[in-house]
Amino acid sequence: MASLASLSITFDCLDVEAQSIFWAELLGADIDPGANEFVASIGGVHNSESPTPGMLFLKVDERAEGKNPLHIDLDDPQYPTDVDRAVSLGAHKLASFDEYGIEWTTLKDPEGNVFDIGRRKLD
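Residues numbered from 1 in each chain as written. Predicted model: local features only at pLDDT ≥ 70, side-chain atom pairs only at ≥ 80, totals over all residues. Heavy atoms only, no water.

For the protein, an unreviewed UniProt entry supplies the name Glyoxalase-like domain-containing protein and the organism Brevibacterium epidermidis.

Chemist: If you had to explain the pairing of strand 4 (residues 70-75) to someone new, which residues and values would you point to?
Modeler: Burial along strand 4 is one-sided: the residues H71, D73 and D75 are buried and none of L70, I72 and L74 is. Relative to strand 7 (residues 114-120), strand 4 runs parallel, the two being bridged by 4 bridges. Each bridged residue has a counterpart across the sheet, and for D75 the counterpart in strand 7 is G118. (Buried < 20%, exposed > 50% of the residue type's maximum accessible area, 1.4 Å probe, protein only. Helix = DSSP H or I, 4+ residues; strand = E, 2+ residues; numbered from the N terminus. Pairing = 2+ DSSP bridges.)

Chemist: Which residues make up a nonpolar patch on the surface, and what are the values?
Modeler: Taken together, the side chains of L7, I9, L70 and I72 define a hydrophobic patch exposed on the protein surface, amounting to about 300 Å² of accessible area. When contributions to the nonpolar patch are tallied by element, the ones reaching two or more residues are strand 1 (6-13) and strand 4. Tracing the sequence through the fold places I72 in strand 4. (Patch = residues over 30% accessible without salt bridge, like charges linked within 9 Å, V, L, I, M, F, W, Y side chains within 5 Å. Areas by Shrake-Rupley, 256 points an atom, 1.4 Å probe, with all protein chains shown as cover. Salt bridge = Lys/Arg side-chain N within 4 Å of Asp/Glu carboxyl O.)

Chemist: Explain the side chain of T10 to me, using residue names and the numbers behind them.
Modeler: As for its position among the elements, T10 is in strand 1. Looking at T10, its side chain comes within polar contact range of the side chain of D73, at 2.8 Å. Not counting chain neighbours up to four residues away, the residues in contact with T10 comprise L56, L58, P69, L70, H71 and D73. (Polar contact = N/O pair within 3.5 Å; in protein donor to acceptor, adjacent residues only side chain to side chain. Contact = heavy atoms within 4.5 Å.)

Chemist: So what about helix 2 (residues 81-88)? Which residues, and what values?
Modeler: Each turn of an α-helix holds 3.6 residues, which means side chains three or four residues apart point in the same direction. Regarding helix 2, the residues found buried are D82, V83 and A86. The buried side chains of helix 2 occupy one side of the element, clustering within an arc of 110 degrees when seen end-on. Residues D84 and S88 are exposed on helix 2 and point more than 90 degrees away from its buried face. Looking at the buried positions of helix 2, the neighbouring elements they touch are strand 5 (92-99), strand 6 (102-108) and strand 7. (Arc of directions from axis to C-beta.)

In structure tokens, the structure reads:
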């Protein structure tokens, strides 16, 4: 059984503040505590108790060709177990990261759509 608990819609942003404010105002939501110039969120990202998907805004220097600027993040308390499971189902592992208090792996599904599996970093 998969341990994936919640999902977030993730935006690669040139301006995290502008994007997060736009979406928060549009949705009548608050920006989660801890926002900064590199990362912001709405709706309790990486929070398996959230009833809806969260929205995560990440700073990028430029939009990488071949990478979706909007993609799904799956929260996995058992990370990285489900990364291997995704690969066995046909995903292609691109890279793993450990930044902003979150550890994750970026993958492509069988048709090339980018998605991430990760979790809030354990202390």
